Amino acid sequence: MSRLEVLKTYKIYIGGQFPRTESGRFYPVELKNGTVTNICLSSRKDLRNAVVAARNAFEGWSSRAAFNRSQILYRIAEMLEGRKAQFVEELVAVGASRAAATKEVEVSIDRCVYFAGWCDKFTQAFGSVNPVPSSHFNFSVHEPTGVVTIIAPESPSLLGLVSCIMPVIAGGNTCVILASENSPHVAVTFAEVLNSSDVPGGVVNILTGKEDELAEHFSSHMDVNATIYCREKHLKRIQENGALNVKRVLNWAKYDWNKQGEDPYLLLETQEVKTTWHPIENIAGAKSGY
Amino acid sequence: MAQKTENKLDFGSKWEYAAAPESADHASIMDEYGLYINGKFVKAEGGKKFASINPSNDQHIAYFAEASDNDVDKAVKAARKAYKEVWSVMPAKERAKYIFRIARLIQERAREFAVLESMDGGKPIRESRDIDIPLAANHFFYYAGWADKLEYAFPGKKIEPVGVAGQIIPWNFPLLMAAWKLAPALACGNTVVLKPAETTPLTAMKLAELIHDSGLPAGVVNVVTGAGATGAAIVNHPDVDKIAFTGSTGVGKIIQKAIAGTHKKATLELGGKAANIIFDDAPIDQAVEGIINGIFFNQGHVCCAGSRLFVQENVKDEVLRKLIDRMGSLIVGDPLDKNTDVGAINSKEQLNTINKYLKIGQEEGAEIYQPKCSLPNKGNWCPPTLFCETSQSHRIVQEEIFGPVLTVQTFRTVDEVIDKANNTPFGLSAGVWTDKGSKIFNLTTKLRAGVVWANTYNKFDPTSPFGGYKESGFGREGGLHGLLPYVNLV
């Protein structure tokens, strides 16, 4: 008698835990071999829980040493490399060719490595010491914007997801990301990678579900500082909702992630510039002044 | 309020300061100003106009044209033409020289501009003379030099100008805000339609005259005066590529919503409610000067004003005693008098807003203190005001008042004050006063604000990026980072 295969229950990822959606709802996605997977149809409440988790994780993640964040992002690449075959299979299962799937997984791994390297460099490369004429020491550094919601591109389902998450968390933000609707399996499996990569719970939260239902809530939540949108249908509405609390709304639909993802300016888009002043006693001819 | 009465310092009650007015004779004001469109001064459509009033004596200053939608359209068309045909194709080093020339012309005419700024806006001549006008000139001078060096500002990228920028500026630093907006836009190769605030259009129109004198090609800078409708016409114009706005968070949100679904980029410099934090190991006398400068500079009409004072509990009595003594020595009055510390409230409307909050604060149970000072009979005036016994939930603590009104709270621990300081939708600026360096860096790192002043307050410079976190807006003005809003990276 042949062995019965154990099928996986696809869950969402909130605060380092793997719940099913609180709503109990699902939507079916059929694989090429005919297997039907029941994907979590995440609700507004799931989003709200995820934002709470992301907000709670923000202080710890943003105040980690940049070098430490760098190592953790590199660790994600290590874990992804080790699970490469599984990701290729999952992409093939929803219709990709083996060659294309392999390429997508490899580029995704490399993208993690690319942004791992930026963690402790971008503040040096893009910060400044400002030569004010008064007797003050004055410098500008980047700091993370805060909690970022992301609606990932429909495809490429893994590379798009990874390309959005990496620049956001490399800079110390935490995020909630909505996976590709028709190819969500790799996103769920990527959560398992994150979970075994020393990424603290809540830094990345991954939901599956319908854009039409969730775009409104991703962009209108008042404790979200920025929203990244990688699709087209709801752009205007998302930008309008941004005005509710002056969210930074980033339109990343324009990027071809195969060619354009390696770019530190993407990382800077979820950064704030902070400028600090302090008096200096008696330099040059300038007067010291409080 | 705990206040020692013995050994109280007596600041000047025995003598009156003699008046020391700056002469206004040197400044020329026309009866009526037009719009500056395509290198020409023209009347508004239908000859519509409005008056600007001197807020310190209610006297009429001049009439200004009220630009209609059609006028704005003409200005945008002129800017587009100048962008395509002249400004974006001019060698960058030539562009730079025009901007340097504008800087020099402002320096040459600094005194005239200072007098006009104080007349039109009500700010003390000491501030317009020593801060607003020199900084405005310096902004042009600083950004002029960037024009032909932009490739060094964005390593790894090529840059392109954005196109036509619509810039809407507030009434609190009229010329300085015009400079903040114009200088980086021009340096990066954009052309501009600028709208000054309706209560302070005078120095913007004088700047238009000066720009005209500089020989800047027609249409590169266009200045349209008017109120909210004129601003809306700029924001909604389909051929504007970028909106730069400084003003209230309320209007900023309207603008952000209005440009949703369009190609327009935006920079928003919005409101603030900054914490100014005094630790027990701070140099108290300097800190008191910092508190005064933080909230009473420019009558508190400052988006980054230190309007929420946090004093460590064990030094509260000493700080408040010294603060109240110092408030008693502030001279409130004629903006053109060189002794004046606090000038006139910019408009009747703003005075009403401030008075509304004074009432709200007292109804909320806060304890109000205002020094005895003689205020002029005419004009808009508000004495320096302190609210004690306030808490985080008070409206006067949460909402931006934009006037000379300071709220006081106390704290015990560092973590407590960080929580309280960050517990606001705003995030523009903050102040920290302590003699301990490690504590400063702890605070300056954890305060969620775009500008943090440690052991100083309200310092500005063209090389220093300025702008907010959260609902205080996005984008930076000043410094290297102030170039980004005016370029497309390719």
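Residues numbered from 1 in each chain as written. Chains lettered and ligands numbered in written order. Predicted model: local features only at pLDDT ≥ 70, side-chain atom pairs only at ≥ 80, totals over all residues. Heavy atoms only, no water.

> I would appreciate a short explanation of the interface of chain A and chain B in the present structure.
Where the parts come together, the accessible area they lose is often given as the size of the interface. Contacts between the two partners involve 40 residues from chain A and, on the opposite side, 45 residues from chain B. Interface area for chain A against chain B, summed over the two sides, is near 3,400 Å², with a carbon-plus-sulfur share of 56%. Remark: the boundary between chain A and chain B carries two salt bridges. Put simply, the parts of the chain that give the side of chain A that touches chain B at least two residues each are strand S4 (136-144), helix H9 (235-242) and strand S10 (271-279) of chain A. Counting residues per element, the side of chain A that touches chain B draws most heavily on S10(A), at eight residues. Residue classes in the side of chain A that touches chain B are distributed as 16 nonpolar, 16 polar and eight charged. (Contact = heavy atoms within 4.5 Å. Buried area = accessible area lost by both parts, 1.4 Å probe. Salt bridge = Lys/Arg side-chain N within 4 Å of Asp/Glu carboxyl O. Helix = DSSP H or I, 4+ residues; strand = E, 2+ residues; numbered from the N terminus. Nonpolar A, V, L, I, M, F, W, Y, C, P; charged D, E, K, R; others polar.)

> What is the right way to look at the environment of Tyr457(B) in this model?
Residue and element names in this part refer to chain B. Within the secondary structure layout, tyrosine 457 lies in the loop between strand S18 (451-454) and strand S19 (473-474). Here the alpha-carbon distance between tyrosine 457 and proline 371, two residues 86 residues apart in the chain, equals 23 Å. Among residues more than four places away in sequence, those in contact with tyrosine 457 are Ala274, Asn276, Gly290, Asn293, Gly294, Cys304, Ala305, Gly306, Ser429, Ala430, Gly431 and Trp433.

> Mind showing me how you'd approach the sheet that holds strand S7 (residues 204-207) of chain A here?
The strands making up a sheet are joined through hydrogen bonds of the backbone, oriented either antiparallel or parallel. Residue and element names in this part refer to chain A. Sheet architecture is open: five strands sit in the order S7-S6-S5-S8-S9, paired in parallel fashion. Sheet topology places S7 and strand S9 (248-251) at the edges, where each strand pairs with a single neighbour. Sheet twist, expressed as the mean angle between neighbouring strand axes with direction ignored, is 15°. As defined by bridge partners, strand S5 (residues 147-151) adjoins strand S6 (residues 174-178) across five bridges and the pair is classed as parallel. (Pairing = 2+ DSSP bridges. Axes fitted to C-alpha atoms, helices over the stretch in contact; angles between N-to-C directions.)

> It is not clear to me how the domain arrangement of chain B should be interpreted in this structure. Could you clarify?
All names here are of chain B. If you check the domain split of chain B, you get domain 1 (32-270 + 469-489) and domain 2 (275-454). Relative placement of domain 1 and domain 2: their C-alpha centres are 30 Å apart. Across the contact, 29 residues belong to domain 1 and 34 residues belong to domain 2. In this assembly, domain 1 packs against domain 2 so that about 2,700 Å² is buried in total across both faces, 55% of it on carbon and sulfur atoms. It is Trp171, Tyr469 and Lys470 that lose the most area in domain 1 upon contact with domain 2, and together they represent 22% of the buried surface on that side. Across the domain 1-domain 2 interface, the total number found is two salt bridges. Between lysine 348 and aspartate 58 there is a salt bridge, with its nearest N and O atoms 3.2 Å apart. Between the two partners, domain 1 and domain 2, sit 18 residue pairs in polar contact (both at pLDDT 80 or more). Breaking the side of domain 1 that touches domain 2 down by element, the ones donating at least two residues are helix H3 (110-121) and helix H4 (125-144). In terms of residue class, the side of domain 1 that touches domain 2 is built from ten nonpolar, ten polar and nine charged. (Domains from an automatic or database assignment. Polar contact = N/O pair within 3.5 Å; in protein donor to acceptor, adjacent residues only side chain to side chain.)

> What exactly am I supposed to notice about H9(A) here?
Each α-helix winds once per 3.6 residues, and so residues spaced three or four apart point in a common direction. Across the eight residues of H9(A), six count as buried, placing the element largely inside the fold. Residues of H9(A) that are buried: Leu235(A), Ile238(A), Gln239(A), Glu240(A), Asn241(A) and Gly242(A). (Buried < 20%, exposed > 50% of the residue type's maximum accessible area, 1.4 Å probe, protein only.)

> Can you help me understand the pattern of salt bridges in this one?
Under the criterion given, the structure shown has 49 salt bridges over all chains. One salt bridge in this structure joins Asp263(A) and Lys157(B), with 2.7 Å as the shortest N-O distance. Of this pair, Asp263(A) sits in the loop between helix H10 (257-260) and helix H11 (264-268) while Lys157(B) sits in the loop between H4 and strand S6 (159-161), on two different chains. By relative accessible area, which is 23% here, Lys157(B) ends up partly exposed.

> Could you clarify how one ought to interpret unusual backbone geometry in this entry?
With the exception of glycine, most residues fall at negative phi, and the peptide bonds are largely trans. Omega for the bond connecting Ser155(A) with Pro156(A) falls within 30 degrees of zero, at 0°, which places this linkage in the cis form. Residue placement: Pro156(A) occurs in the loop between S5 and helix H6 (157-170). Unusually for a residue other than glycine, Asp198(A) sits at a positive phi of about 65°. Looking at Asp198(A), the relative accessible area reads 53%, which means it is exposed. Even without glycine at this site, Asn458(B) takes up a positive phi of about 50°. Mapped onto the fold, Asn458(B) is located in the loop between S18 and S19. Overall, Asn458(B) belongs to the buried group, its relative accessible area being 7%.

> What am I meant to see in the nonpolar core here?
As a rule of thumb, soluble globular proteins bury nonpolar side chains together. By size, the foremost hydrophobic cluster in this structure holds 171 residues, and its most contacted members are Leu73(A), Ile76(A), Met166(A), Ile169(A), Phe190(A), Ile278(B) and Leu323(B). At eleven residues, helix H5 (residues 174-187) of chain B tops the list of elements feeding residues into this core. Counting residues domain by domain, this core receives three or more from each of domain 1 (32-270 + 469-489) and domain 2 (275-454) of chain B. Excluding anything up to four places from it in sequence, Ile76(A) contacts Cys112(A), Met166(A), Ile169(A), Phe190(A), Val193(A), Leu194(A), Ser197(A) and Val199(A). Ala79(B), Ile243(B), Phe245(B) and Phe474(B) belong to the second largest nonpolar core, which has 26 residues in total. (Core = buried A, V, L, I, M, F, W, Y, C linked by side-chain atoms within 4.5 Å.)

> Before we go on, may I ask you to explain the pairing of strand S13 (residues 308-312) of chain B in this structure?
Within a regular strand, the side chains alternate between the two sheet faces. All names here are of chain B. Most of S13 sits inside the fold, with five of its five residues counted as buried. Because side chains alternate across S13, one face comprises the buried residues Arg308, Phe310 and Gln312, and the other comprises Leu309 and Val311, equally buried. Sheet topology note: the strand S12 (residues 275-278)/S13 ladder contains four bridges and is parallel. Within the sheet, the bridge partner assigned to isoleucine 278 lies in S13 and is valine 311. At this point the chain moves from S12, through helix H9 (residues 284-296), to the parallel S13, and the crossover so formed is right-handed. Across five bridges, S13 lies against strand S16 (residues 405-411) in parallel orientation. (Right-handed = clockwise from strand over helix to strand, strands pointing away.)

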